[in-house]
Amino acid sequence: MQSFLNFTVVGIALAAVYAIAASGLVVTYTTSGIFNFAHGAVGMIAAFLYWQVSAPTVSGGWGWPVWLSLIFVIFVAAPIFGALLERVIIRGLEGATEVVKIVVTVSLLLALVGMSQWIWPGNITRAIPRLFPEVDDRITIGDVRVPYDRIVILVAAIIVALVLRVVLYKSRAGIAMRAVVDDRNLVRLNGARPARISMLSWAMGASLAALAGVLNAPFSNVDAITMTLVVINCYAAAVVGKLKSLPLTFLGALVLGLGEAYAGSYLDSTVKIGGYSVDGVKFALPAIMLFAVMVAQPQARLRAGGVQRVRETWRVPTMRTAVIGAVVLVGSVWGITELIELDAERGPLVTGLFFALVALSLVPLTGYAGQISLAPMTFVGIGAIVMAQIGKDGSTPGAVIVALAVCAVVGALVALPALRLSGIYLALATAAFSLMMSKVVFSQPKLVSGGTIAVPPLDLGVFVPRTNQQQALLLAVSFALLGMFVVWMRNGSWGRRLIAMKDSPVACATLGLDLTRTKIGVFALSASIAGLAGALANRSMPTTDYDLLASMSLTTLAVVGGIGAIGGALFGGFLLGTVQGLIPALFRDNTIGIFRFVQVAVTDLVKVLPGFMGISLGRNPSGAVGQIGDAYRAVGESKEATGLSVFGVVALWVLAKSDTIGNWTFVATMIVLLFAILPLLPILISPLPGRRALPAGVVLVVGLVAVGAIDWGTAIESTGVRVMMMFLATAVISGAATAVHGALPSDAPVEPSPDLLGVDRPITKSDVMEADRMLGLHESDLARSIAGGS
Amino acid sequence: MALLETRGLTIRFGGNLAVSEVDLAVEAGAVTGLIGPNGAGKTTTFNMICGVLAPTSGQVILDGRDVSRLGTHKRARLGIGRTFQRIEVFSSMTVRENVQVGCEIRQGWGRTTAPGPQLLAPKGAELTAADEVDLILDRLGLTEHAEVRAGQLSTGRARLVELGRALAIRPRVLLLDEPASGLDDTETEEFGLLLRQLADAGLSILMVEHDVPLVMKVCAQIFVLDFGRIIASGTAADIQQNEAVLNAYLGSAK
Ligand SMILES: Nc1ncnc2c1ncn2[C@@H]1O[C@H](COP(=O)(O)OP(=O)(O)OP(=O)(O)O)[C@@H](O)[C@H]1O
Ligand SMILES: [Mg+2]
């Protein structure tokens, strides 16, 4: 009994931490409409900062007194940081799609985790002392000892609750905050400033995250990932309050905190069911609670608020492009692997193709249907386990099929409760699922022995991928086939349905479409494509390859690549492969001196890259591949240009293959060809009047030859710098050719500016309607105001 | 008996009683009007009829069957189609695809339910899905815009696209929310004719519209809503005479 009461004390204190963190999350979400996945990371950074300022100077801190450190971190640094985030990143997201909103804050999480690992490397242990370190700093109620610092946490939570209550219901700013939730534009009309209020709420949110992070730090490992994930648990509490209600959120936190404390004490590694330990379940409690709450919630209301103007645009892919793309992909992979002996280790090519295949799973789900998953790598893990278990001494093709089926079924089960609700819940559910799988399944020694899954090669009888070249080809062919399948699907009625569902769910429902079933279908498809990638991995995969952070990085970069197109998946996959594999390998020992006194190790820089790339999405929601596609589209449209480029590539390859030119020369000339010559080729072939096409062509050829003449292999020591110089040379050549040629035509359609309405053209009724629509007015409002005046 | 009825339909948003005890009856093969000042609760009533909002109390009855408990897509399958006051076209798709998706979605569930009357088509004609899309585009005058992205259309055209899309599921009752706003005078005229034809072909229409002359011209029966309550109902002539209606629209006429 006494131990039960002790656990209760622990549980209540934990609940208080969750409650504080979760209320911050709810406040920012309701006021700004952005669910901050980086909330936990903000708390984590705050804890590190607290350590930094409060730790004694001998251990690397600044030795400030505790009270000053607390005030500084919670009331100065955190709010400023929160407000800055709002100003710099969040404000730009108004009008962005839900997917972009989610990906941007997920990226923020990645960037913060990367930055913290960079600023506070894990090579020394940082302990944050308890506020009351003495043993007798406690009160005793009956037999139960309650340490002061747990009381402090509880008191803090109560104060937070009271303050929020007063602020939100009594102050003018608070009332405006609650109003923003319902309709930003209405609030604006009533004279409040949503931007200012949103900034305020982010400052408050960051402050609360910091408070939770600092209070919890003494009881947790001071480690970026652990601390980030602790606060992620509070998502479950916030979901109890439907991300809106603070009292229910506190209740959720209480249930969660107590549940975890009891589970933590009564479940240990000795408890087993059929040889599988159930120890991990205690860590999975938040996830389990999240699912339970979601199942209990009624179906979300559809919103009929009018469709927004889309900022992202995708062309409908044609089957012809898909087939050409497939052939080019497989051909290039074959060509490259023929030329360059891949390392014994998995090279960036194989890694990139692997990630591309996973990213492809997000094209139908995220690109077409507008749903998001933060667990693609979890399905990779499931596929890998199935392959390893069934394929280890059985038929591997059969195992692949089982892996596909298992992932589809598991995917459907995971998505079912979330899909009835709005998009943010699917992100939460998949994140929770990912955490749960890592704790409960991927930690089972029976399944993942020694922390890795040994995925056997796919044995097709005639073809077994033993070498890296064969593996690269297997992945390339799989990607090509599946890519064609996805394009075929997109062009069919189901594909159109997915797009329709993304554009207007409510309209689809009134046409008789069962939204939940359609979403389940696409989620299952997506899960099984990811599972396929796992089954084909053909290597031993450590658990960090399919944990939540891996999934988040993949989803982020897939969206950055441009997830509405197959090419975007390929690009995103290679971005991640490059970030993870190629850059660190190229720059093994390099540091980039930004200023003389800041030396940044390239490998550290790489950690924050995916995050920053994702954050930049707010500016260009269509991802990178759209722009790349635009640059090369003209090449495909002109027969001569296509012919010449194919000839150029093949010629260079033959020269390299026959050892006429060295491999580095091949790489350098290839870069010039692809990035300087190809984009300009179409306008050189059909020259514009008044421009100098021929001299520009000569510049390009001379540039190509000059680059080809440099002995790259010996001229520059570091591989990374060498590649950078190649790109620099390419940029110079391209710039020179453009300068010689004269201005390039811009192919962006010029949208008539509404500012010039009535100046350069007469105002028509449809212009008025359009203006009304953008202002959210109904014609009737105008009619009435006119009628009222007369 | 009326094809679509609501009985005591009521919804409360917090303390705001937006729609209260609304009884509507939409006769088969006729155009019925629902009018009222801004904020009267017309769109909210539509949302409850098609299942986008759940009423606090009251029922929606389609052809004698209580559909109040069914989800939006199930009601659509039973024959309730609608358009939206705030445009809900599939903005990244072309006009043709918008209508096509409607056909395709219907084909997805149409096997299990009896199809409604084949509107617009010449009697007895067998139409393929593609023909049907063409026919709808043609009848709505959208053929020349078929390849334009719906997101780029003017409000008036976008409303027509929504109408075409709703027709593609062959509804029995069609709810139109301010379909003529965004149309100019000649277009409104043509639109009125189209509504008549649709009704003559057997479709029942419930229309919310602020263009009073249009309503008076095409609607056989008109309901007037004010502050969430039905304050009058009857034929155009009845309504034009009605004291309460004049008050609601023009303020207390002194
Ligand atoms: N989701 C909601 N939450 C709270 N109040 C709502 C909601 N939807 C509608 N209302 C309220 O219900 C009332 C009726 O609104 P509704 O949009 O149905 O009016 P309407 O008759 O369609 O007006 P209009 O002619 O302007 O389209 C209004 O007072 C509105 O503020
Ligand atoms: Mg309305």
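Residues numbered from 1 in each chain as written. Chains lettered and ligands numbered in written order. Predicted model: local features only at pLDDT ≥ 70, side-chain atom pairs only at ≥ 80, totals over all residues. Heavy atoms only, no water.

### Comments concerning helix 1 (residues 42-50) of chain B
At 3.6 residues per turn, the α-helix brings residues three or four places apart onto the same side. Residues and elements named next belong to chain B. Applied cut-off: When a residue's accessible area, from a 1.4 Å probe over protein chains only, is under 20% of the maximum for its type it is buried; when over 50% it is exposed; and in between it is partly exposed. Helix and strand labels come from DSSP, where a helix needs a run of H or I of at least four residues and a strand needs a run of E of at least two; each type is numbered from the N terminus.
Extensive coverage of helix 1 is indicated by the burial of 8 of its 9 residues. Among all positions of helix 1, only Lys 42, Thr 44, Thr 45, Phe 46, Asn 47, Met 48, Ile 49 and Cys 50 are buried. Residue Gly 51 follows helix 1 closely and has a positive phi angle near 90°.

### What about a nonpolar patch on the surface?
Residues and elements named next belong to chain A. Put simply, the test is: Patch building starts from residues that exceed 30% relative accessible area and form no salt bridge, then joins like charges within 9 Å and nonpolar side chains (Val, Leu, Ile, Met, Phe, Trp, Tyr) within 5 Å. For the accessible areas, the method is Shrake-Rupley and the probe is 1.4 Å, while residue cover comes only from the protein chains on display. Any carboxyl oxygen of Asp or Glu within 4 Å of a side-chain nitrogen of Lys or Arg constitutes a salt bridge here.
Taken together, the side chains of Trp 67, Leu 68, Ile 71, Phe 75, Val 76, Ile 80, Leu 84 and Val 88 make up a nonpolar region of the molecular surface, amounting to roughly 790 Å² of accessible area. For Trp 67, the location among the structural elements is in helix 3 (residues 66-88). On the basis of relative accessibility, which here comes to 57%, the residue Trp 67 falls in the exposed class.

### A word on the coordination of the magnesium ion (ligand 2)
Residues and elements named next belong to chain B. For clarity, the cut-off: Each metal's donors are the N, O and S atoms found within 2.8 Å of it, except that Na, K and Ca use a 3.2 Å limit; water is left out, so coordination can look incomplete.
Distances from the magnesium ion (ligand 2) to its protein donors, namely Thr 43 (OG1) and Gln 85 (OE1), fall within the range 1.8 to 2.0 Å. Here Thr 43, found in helix 1, pairs with Gln 85, found in the loop between strand 6 (80-82) and helix 3 (95-110); they are 42 residues apart in sequence, far enough to count as distant. Judged by relative accessible area, which is 25%, Thr 43 ranks as partly exposed. By relative accessible area, which is 13% here, Gln 85 ends up buried.

### Brief notes about the confidence of the model for chain B
All names here are of chain B. For clarity, the cut-off: pLDDT gives the predictor's per-residue confidence on a scale running from 0 to 100.
Averaged over every residue, the pLDDT of chain B is 86; the share at 70 or more is 91%. Of all secondary-structure elements in chain B, the lowest mean pLDDT belongs to helix 9 (residues 243-250), at 76, while strand 8 (residues 204-208) reaches the highest, 94. Both scores are given for the predicted complex: the pTM is 0.86, the ipTM 0.93.

### Observations regarding the site of ligand 1
Residue and element names in this part refer to chain B. Quick note on the threshold: Nearness of a residue to a molecule or strand requires only that one of the residue's heavy atoms be within 4 Å of it. Two N or O atoms form a polar contact when they lie within 3.5 Å of each other; inside protein one atom must be a possible hydrogen donor and the other a possible acceptor, and for residues adjacent in sequence the pair counts only when both atoms belong to side chains. Note on residue categories: nonpolar means Ala, Val, Leu, Ile, Met, Phe, Trp, Tyr, Cys or Pro, charged means Asp, Glu, Lys or Arg, and polar means any other residue, Gly included.
Taken together, 15 residues surround ligand 1, and among them Gly 39, Lys 42, Thr 43, Thr 44 and Gln 85 come closest. Note that an oxygen atom of ligand 1 is positioned 2.8 Å from one of the backbone N or O atoms of Gly 39. Interatomic distance of 2.9 Å between a backbone N/O atom of Gly 41 and an oxygen atom of ligand 1. Looking at the shell around ligand 1, the elements with two or more residues in it are strand 2 (16-26) and helix 1. Broken down by element, the shell around ligand 1 gets its largest block of residues, 3 residues, from helix 1. Residue classes in the shell around ligand 1 are distributed as 3 nonpolar, 9 polar and 3 charged.

### Considerations on the packing of aromatic side chains
All names here are of chain A. Here is the rule we go by: Only Phe, Tyr and Trp rings take part, Trp by its six-membered ring, and two of them pair if their centres are within 6.5 Å. Stacked means planes under 30 degrees apart, edge-to-face means over 60, and tilted covers everything else.
One pass over the structure, following the stated rule, counts 15 aromatic pairs over all chains. On the basis of an interplanar angle of 75° and a centroid distance of 4.7 Å, the ring pair of Phe 442 and Tyr 546 is categorised as edge-to-face. Here the residue Phe 442 occupies a position in the loop between helix 18 (423-441) and strand 5 (452-454), and Tyr 546 occupies one in the loop between strand 6 (540-542) and helix 23 (548-561), the gap between them amounting to 104 residues. Neither Phe 442 nor Tyr 546 differs from the other in exposure class; each is buried.

### Some words on the pairing of strand 4 (residues 57-62) of chain B
All names here are of chain B. Here is the rule we go by: DSSP calls a pair of strands paired once it identifies at least 2 bridges connecting them.
Relative to strand 4, strand 1 (residues 4-13) runs antiparallel, the two being bridged by 5 bridges. Residue Arg 7 lies in a different strand from strand 4, and its bridge partner there is Gln 59. Pairing between strand 4 and strand 5 (residues 65-66): 2 bridges, direction antiparallel. Looking at strand 5, one finds that Ile 61 is bridged to Asp 66. As consecutive antiparallel partners, strand 4 and strand 5 are separated by 2 residues, and within that stretch Asp 63 has a phi angle of approximately 50°, a positive value.

### Here we look at the side chain of Ser 20 of chain B
Residues and elements named next belong to chain B. How we decide: Whether two residues are in contact is decided by their heavy atoms, any of which lying within 4.5 Å being enough.
By secondary structure assignment, the location of Ser 20 is in strand 2. The exposure class of Ser 20 is buried, given its relative accessible area of 6%. A polar contact is formed between the side chain of Ser 20 and the side chain of Arg 229, at a distance of 3.3 Å. Setting aside chain neighbours within four positions, we find Ser 20 in contact with Leu 9, Thr 10, Gly 228 and Arg 229.

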